[in-house]
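Each chain is listed here by its residues.
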Amino acid sequence: EGNVNSERLIQMMNVVDDYLVIEEKGIYSVEKFLMSRRLMYWQAYLHKTSLVAELILMKILKRAKELTLKGIVLPCSEPLLFFMQNRVSLQNFDAATLDLFSQLDDFDIIGDIKTWQRHPDYILSSLSKMIVNRDLLKIKLSSEKVDLDYLQELKERFSREHHISVADTNYFIFRGKIKNQAYSKEAEPIRILKKDSTVEDVIESSDQLNLKSLSKAVTKYYLCFPKQLL
């Protein structure tokens with residue numbers, strides 16, 4: 001899935017009134033590009049396994065920073081330690097901060113997570129083991145919002161079984177939503193240069209009815225929780 005004839009798209013590009021346009025004979029390549037984009041988002045970029053792994057990674061870094069700010073020194077690389085110890089915002093983001101950020105890569109994060117899986121903090125070690133062992137949280141996707149009573153019930157069960165506070169269960173049981181819009185006329189219009197030299201949006205130029213549906217945002221709600229709570 002997701003194969004796009006990029007060479008064809010590049011050949012069909014032109015500029016009209018300082019706007020990038022695609023010549024009309026390349027419209028089928030544009031249609032295929034948008035369809036592929038939709039498929040790749042739901043089947044790869046927003047696939048539930050990729051999604052839950054990313055969410056767990058975010059929880060790990062959040063917990064690591066929380067512990068560091070409490071004075072608990074975690075073994076980690078120097079660039080990552082800087083971001084663990086400091087609150088970085090647009091106001092204090094300078095050249096030195098950028099240099100440290102550019103030094104961070106996958107090796108820093110994965111190496112530190114492998115170390116943290118043996119840390120005495122239950123939350124940090126448990127989440128780290130999930131990533132290292134590829135034993136992730138269960139994730140359920142739905143078109144309906146997650147029931148809050150059911151969410152609270154899961155948190156209370158997990159709290160009792162693992163002797164942690166209900167507040168700390170937020171690291172293991174949480175909800176959210178994802179949205180995918182394959183094409184947005186307002187945010188990123190694709191302009192088609194017609195044979196009569198007029199310019200038209202791809203939605204108006206296309207004879208594909210399903211292309212119009214791609215401009216509608218699709219929202220899905222997710223619930224993440226440990227598998228043993230099933």
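Note that this is a predicted model, so its numbers are computed, not measured.

Cut-off values and rules
Along every chain, residues carry numbers that run from 1 in the direction the sequence is written. With pLDDT at 70 or above as the cut-off, local features in this predicted model cover only qualifying residues; side-chain atom pairs require 80 or more to be listed or tallied, and sums for whole chains, interfaces and linings still use all residues. Processing note: side-chain calculations cover all non-hydrogen atoms of the structure and skip hydrogens and water entirely. We define a nonpolar core as any set of buried Ala, Val, Leu, Ile, Met, Phe, Trp, Tyr and Cys residues linked to one another through side-chain atoms lying within 4.5 Å. Partly exposed residues are those whose accessible area sits between 20% and 50% of the maximum for their type, while under 20% is buried and over 50% is exposed, using a 1.4 Å probe and protein chains only. Helix and strand assignments follow DSSP, with helices taken as H or I runs no shorter than four residues and strands as E runs no shorter than two, numbered in order from the N terminus. By definition, two strands form a pair when at least two bridges between them are found by DSSP. Lines fitted to C-alpha atoms define the axes here, with helix axes fitted over just the stretch in contact, and angles between the N-to-C directions of these axes take values from 0 to 180 degrees. Whether two residues are in contact is decided by their heavy atoms, any of which lying within 4.5 Å being enough. Note on ring pairs: Phe, Tyr and Trp rings are taken, using the six-membered ring of Trp, and paired if centres are within 6.5 Å. Classes follow the plane angle, with under 30 degrees stacked, over 60 edge-to-face and the rest tilted. We count a charge as sitting over a ring when the NZ of a lysine or the CZ of an arginine lies within 6 Å of the ring centre and within 35 degrees of the ring normal. The span expected for a helix works out to 1.5 Å for each residue beyond the first. The arc in question is the one traced by the directions running from the helix axis out to the C-beta atoms. Working rule for angles: under 35 degrees goes down as roughly parallel, over 145 as roughly antiparallel, 65 to 115 as roughly perpendicular, anything else as oblique. Residue type decides the class: Asp, Glu, Lys and Arg count as charged, Ala, Val, Leu, Ile, Met, Phe, Trp, Tyr, Cys and Pro as nonpolar, and the leftover types, Gly among them, as polar.

1. A word on the nonpolar core
So, step 1. Core analysis: the biggest nonpolar cluster contains 38 residues, and I56 and F172 have the highest contact counts within it.
So, step 2. Put simply, the parts of the chain that give this core at least two residues each are α3 (48-69), α4 (78-85), α6 (106-116), α7 (122-132), α8 (148-162), β4 (174-180) and β7 (218-225).
So, step 3. Tallying contributions element by element places α3 first for this core, with 7 residues.
So, step 4. In terms of nonpolar packing, the next biggest core, distinct from the first, is built from 14 residues, L9, L34, Y183 and L211 among them.

2. Side note on the sheet that holds β7
So, step 1. Strands sit in the order β3-β7-β4 across an open sheet of 3 strands; the sheet is antiparallel. The strands lining the two open edges of the sheet, one partner per strand, are β3 (138-142) and β4. Neighbour-to-neighbour, the strand axes of this sheet turn through a mean angle of 25°, independent of strand direction.
So, step 2. Both β3 and β7 contribute to a ladder of 5 bridges, which runs antiparallel. What sits directly across from I139, in β7, is C224.
So, step 3. Sheet strands touched by helix α2 (residues 27-45): β4 and β7. Its angle to β4, the strand with the most contacts, is close to 165°.
So, step 4. Where α3 meets the sheet, it contacts β3, β4 and β7, and its direction lies at approximately 120° from that of β3.

3. Details of the packing of aromatic side chains
So, step 1. Counted under the stated rule, the structure contains 5 aromatic pairs.
So, step 2. With a centroid separation of 6.0 Å and 80° between ring planes, the pair formed by F83 and F101 is classed as edge-to-face. Here the residue F83 occupies a position in helix α4, and F101 occupies one in helix α5 (residues 95-103), the gap between them amounting to 18 residues.
So, step 3. Owing to a relative accessible area of 14%, F83 belongs among the buried residues under this scheme.
So, step 4. In this structure, K59 is placed above the aromatic ring of F174, and the distance from its NZ or CZ to the ring centre is 4.4 Å.
So, step 5. Its end group placed over the ring of Y171, K62 keeps NZ or CZ at 5.7 Å from the ring centre.

4. A word on α8
So, step 1. Its 15 residues give α8 an end-to-end C-alpha distance of 21 Å, which sits within 8% of 21 Å, the value for a rise of 1.5 Å per residue.
So, step 2. Within the sequence span of α8, burial applies to L151, L154, K155, F158 and S159. End-on view of α8: buried residues confined to an arc of 135°, all on one side of the axis. Along α8, the residues that are exposed and aim more than 90 degrees away from the buried face are D149 and R160.

5. Focus: the packing of α3 against α4
So, step 1. At a minimum axis distance of 8 Å, the contact between α3 and α4 shows a crossing angle of 70°. Taken together, α3 and α4 sit at an angle that is classed as roughly perpendicular. Here L61, A64, K65, T68 and L69 of α3 lie close against α4, whose contacting residues are F83, M84 and Q85.
So, step 2. Among the residues making up the contact of α3 with α4, the classes are represented as 5 nonpolar, 2 polar and 1 charged.

6. Quick word on the environment of A167
So, step 1. By secondary structure assignment, the location of A167 is in the loop between α8 and β4.
So, step 2. Distance from A167 to I56, taken between C-alpha atoms, is 17 Å for residues 111 residues apart in sequence.

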